[in-house]
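Each chain, letter by letter, is given below.
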Amino acid sequence: MTQLGHFIDGRMVSDDGRSQEVFNPATGDVSKTVPLASKETVETAIAAAQAAYPAWRDTPVAKRARVMFNFKQLLEENSEKLAALIGEEHGKICHDAAGEIQRGIENVEYACAAPELLKGEFSKNSGPGIDTWSEFQPLGVVAGITPFNFPVMVPLWMFPMAIVCGNCFILKPSERDPSAPMFLAELLHEAGLPEGVFNVVNGDKEAVDTLINDKRVEAISFVGSTAIAEQIYASASANGKRCQALGGAKNHAIIMPDADMDNTVNQLLGAAFGSSGERCMALSVAVAVGEDAANRFMTKMEAAMKDLKFGPYTDNSNNFGPLITKAHLEKVTGYIDSAENDGATIVVDGRNVSLSGHENGYFFGATLVDHVTTEMQSYKEEIFGPVLQVMRVDTMQEAMDIIDAHEYGNGTCIFTRDGEAARYFTDNIKVGMVGVNVPLPVPVSYHSFGGWKRSIFGDLHAYGPDAVRFYTKRKTITQRWPSAGVREGAVFSMPS
Ligand code: NAD
């Protein structure tokens, strides 16, 4: 049985302390064990990062960016191996993992622009003989804590930009699929990153608490569920750290009566069931405006779902794979049971499916639920499974009010041919990432990613321009070189 370790100070470090099993979710078999770092192990990583910081901070930004160029190339060369590591532990199908890796690489590409992004701001002659400039200095040692559902892409939202800005980084990936993040550490090392600049500690709450409580860690980026995000934001902030904590979601699509229904159904199939719905941007609620639109949508969606195929990650003809754990399979099943008990109609039922040869895998079939209302538990909470719930309303405003009232505000979308309606929607909806006929409006790498309301804690969003600001602190310098021999008297009024 392979026992993983940590990546500290440029090498793999074994750990025979506490550990946890890593499962192949398509079979239910244990494939590896992952150590759960002790406080002392995390402190070793922090010390390594701190020791590496002065030299890395003073390395010219173009040289730091060059490491990222090498890293990008290595990611591309090793993308199949990375996709397999994701598939073995997360379960997502190879084509889906390839998409995740590509979106991650785009963040590395953006980080390669650091010499341009960190140029700062300069004002000549801001006073007589005075020049003023602002520069963006690194913070020091920063940490990232990431979820299971994007074991490559979400770490790549964080550390390429943090590192290229001159920080040293400690990644605490999900303990459920740690192999792909560990491989990223190897590739960064191969790309020429000095020892200690990037470290991976595997672990659970003990590792996270150590990062949050240690004074040497300047900032925390977190992505995961809302309950933990809120907790981490509160304790990191109380410890004086800069923190961004992205949480869970419930993403709605409004289906207008004039929508191209075939296109809408195709878009929602991928957005609701792709990756088994284990995406923070998964479209999990469709709000149909008018009975006629709702009925047309349901007929076409039910028919289209007959062709959906789930199975192991190795078969690229599968649309989606298993859920991440047995416990999560039971949780998703519980949500459908509760929807049924609450009076919703289970139109397509994915509970209790079995796949020949994979009887112990954590598979859940695509599920369609109609007549869902705002009081239902399955509506209020994030299900994180291949489940599309449908609500029926009379007007677009009613649909928007429902979305605005939900505690989460990550992503949303409207399907329509009406430009005026779309413009009203994008202007007024209280959600951070909005699509018009685009069901997964995940911003490209040169814009930033983040929801509103309880889908985020903190001011700055992930990646893109906000990441440059998050991983640097502004310093503004005002400078004058008086001519030799010029003597001035003291000035007691505010300089103007
Ligand atoms: P999770 O909150 O269980 O875990 C996230 C990270 O926090 C992991 O590294 C985990 O080890 C750590 N953690 C878990 N419990 C902890 C505790 N008590 N104290 C300290 N650390 C703890 O989330 P998950 O199940 O891995 O991921 C799924 C969730 O992440 C979903 O809610 C999804 O919506 C969300 N997510 C959000 C975004 C976004 O950008 N908003 C992106 C991806 C995933």
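Structure report, in brief. Positions within a chain are numbered from 1, following the residues in the order the chain's sequence is written. Where local features are concerned, this predicted model is filtered to residues with pLDDT of at least 70; where side-chain atom pairs are given and counted, the filter is 80 or more; whole-chain, interface and lining totals use all residues. Processing note: side-chain calculations cover all non-hydrogen atoms of the structure and skip hydrogens and water entirely.

1. Quick word on the sheet that holds strand β1 (residues 2–3)
Backbone hydrogen bonds are what pair the strands of a sheet, in a parallel or an antiparallel way.
Next up, step 1: Strand pairing is assigned whenever DSSP identifies at least 2 bridges connecting the two strands. What counts as a helix is a DSSP run of H or I of at least four residues, what counts as a strand is a run of E of at least two, and both are numbered from the N terminus. In spatial order, the strands read β1-β5-β4; together these 3 strands make up an open sheet with mixed pairing. With one partner strand each, in any of the chains shown, β1 and β4 (19–24) form the two edges of the open sheet.
Next up, step 2: Relative to strand β5 (residues 29–35), β1 is paired through 2 bridges, and the arrangement is parallel. Its bridge partner lying in β5, Q3 is registered against T33.
Next up, step 3: Its contacts with the sheet place helix α3 (residues 79–89) against β4 and β5, and it is angled at close to 100° to β4. For this analysis, residues touch if any pair of their heavy atoms sits within 4.5 Å. Axis definition: a line fitted to C-alpha atoms, limited for helices to the stretch in contact. Angles are taken between N-to-C directions and run from 0 to 180 degrees.

2. Observations concerning the packing of aromatic side chains
Next up, step 1: Pairing of aromatic rings covers Phe, Tyr and Trp, the last counted by its six-membered ring, and requires centre-to-centre distances within 6.5 Å; plane angles under 30 degrees mean stacked, over 60 mean edge-to-face, and any other angle means tilted. According to the stated counting rule, one finds 13 aromatic pairs in the structure shown.
Next up, step 2: The interplanar angle of 40° and the centroid separation of 4.5 Å between the aromatic rings of W157 and F449 together place this pair among those described as tilted. Of this pair, W157 sits in helix α6 (residues 153–164) while F449 sits in the loop between β20 (433–436) and β21 (452–453); the two residues are 292 residues apart in sequence, bridging distant segments of the chain.
Next up, step 3: Three or more aromatic residues joined by ring pairs form one cluster here, namely F71, F159, F169 and F198.
Next up, step 4: The aromatic ring of F136 is capped on one face by R469, whose charged end is 4.2 Å from the ring centroid. For a ring to carry a charge above it, either NZ of a lysine or CZ of an arginine must fall within 6 Å of the ring centroid while also lying within 35 degrees of the normal to the ring plane.

3. Comments concerning the sheet that holds strand β7 (residues 130–138)
Next up, step 1: Taken in spatial order, the 3 strands line up as β6-β7-β23 in an open sheet, and their pairing is antiparallel. Strand pairing shows two members of the sheet lacking a second neighbour, β6 (121–127) and β23 (472–480), which therefore form its edges. Between one strand axis and the next, the sheet turns by 25° as a mean value, whatever way the strands run.
Next up, step 2: Note: β6 against β7, 4 bridges, orientation antiparallel. Residue pairing for β7: S123 is matched across the bridge by T132.

4. Thoughts on the site of the ligand
Next up, step 1: In this text, near means that some heavy atom of the residue lies within 4 Å of the molecule or strand in question. Near the ligand you find 26 residues, and of these T146, K172, E175, S225 and E382 are the closest.
Next up, step 2: Residues adjacent in sequence count toward polar contacts only when both atoms are side-chain atoms; beyond that, a polar contact is any pair of N or O atoms within 3.5 Å, and within protein one must be able to donate a hydrogen and the other to accept it. Between the ligand and E175 there is a distance of 2.6 Å, counted from an oxygen atom to a side-chain nitrogen or oxygen.
Next up, step 3: Per-residue accessibility takes into account occlusion by the displayed protein chains alone, with areas from the Shrake-Rupley method and a 1.4 Å probe. For the ligand, whose unbound accessible area comes to 840 Å², protein coverage reaches 89%.
Next up, step 4: Looking at the shell around the ligand, the elements with two or more residues in it are α8 (205–213) and β11 (217–223).

5. Some words on helix α1 (residues 39–57)
Next up, step 1: Multiply 1.5 Å by the residue count of a helix minus one, and that product is the helix's expected span. Over its 19 residues, α1 runs 26 Å from end to end, which matches the ideal 27 Å to within 8%, given 1.5 Å per residue.
Next up, step 2: Two axes enter the bend calculation: one fitted to the seven residues ending at the residue in question, the other to the seven starting there, and the bend is the angle between them. Along α1, the sharpest kink reaches roughly 25°, centred on A51 and followed within four residues by the proline P54.

6. Side note on the environment of G120
Next up, step 1: Tracing the sequence through the fold places G120 in the loop between α5 (114–117) and β6.
Next up, step 2: Sequence separation of G120 and W133 is 13 residues, and the distance between their C-alpha atoms is 7.3 Å.
Next up, step 3: Each residue touching G120, except ones within four places of it in the same chain, is listed here: S134 and F136.

7. A word on the pattern of salt bridges
Next up, step 1: Should a side-chain nitrogen of Lys or Arg be within 4 Å of a carboxyl oxygen of Asp or Glu, the pair is scored as a salt bridge. According to the stated counting rule, one finds 27 salt bridges in the structure shown.
Next up, step 2: Between R18 and E206 there is a salt bridge, and its shortest N-O distance comes to 3.2 Å. Linking R18 in the loop between β3 (11–13) and β4 with E206 in helix α8, this pair joins segments that are 188 residues apart in sequence.
Next up, step 3: Linking R279 and D96 is a salt bridge whose minimum nitrogen-to-oxygen distance equals 3.1 Å. Taken as a pair, R279 in the loop between α10 (261–273) and β14 (283–289) and D96 in helix α4 (residues 94–111) lie far apart in primary sequence, 183 residues in all. For the pair shown, R279 and D96 are each scored as buried. Residue burial is assigned from relative accessible area. The probe radius is 1.4 Å, only protein chains are included, and a residue is buried under 20% of its type maximum, exposed over 50%, and partly exposed in between.

8. What to know about the packing of α3 against α4
Next up, step 1: It is the contact of α3 with α4, at a shortest axis distance of 9 Å, that shows an interaxial angle of 120°. Considering the angle they form, α3 stands oblique to α4. Taken as a pair, α3 and α4 cross one another with a handedness that is right-handed. Touching S79, L82, A83 and I86 of α3 are A97, E100 and I101, all from α4. Roughly parallel means an angle under 35 degrees; roughly antiparallel, over 145; roughly perpendicular, 65 to 115; everything else is oblique. With the far helix as reference, a near helix turned anticlockwise by less than a right angle produces a left-handed crossing, and one turned clockwise produces a right-handed crossing.

9. What to know about the side chain of T132
Next up, step 1: Within the secondary structure layout, T132 lies in strand β7.
Next up, step 2: Overall, T132 belongs to the buried group, its relative accessible area being 19%.
Next up, step 3: In this structure the side chain of T132 is engaged in a polar contact, spanning 2.6 Å, whose partner is the side chain of S126.
Next up, step 4: Ignoring anything within four residues of it in the chain, the contact list for T132 reads E121, F122, S123, S126, T476, I477 and T478.

10. Quick notes on the side chain of E175
Next up, step 1: The residue E175 is located in the loop between β9 (168–172) and α7 (179–190) in this model.
Next up, step 2: Owing to a relative accessible area of 18%, E175 belongs among the buried residues under this scheme.
Next up, step 3: Within the structure, E175 has its side chain in polar contact with the side chain of K172 (distance 3.4 Å).
Next up, step 4: Among residues more than four places away in sequence, those in contact with E175 are Q20, V22, V34, L36, G203 and D204.

Geometric descriptors of this kind do not, in isolation, establish any biological role.
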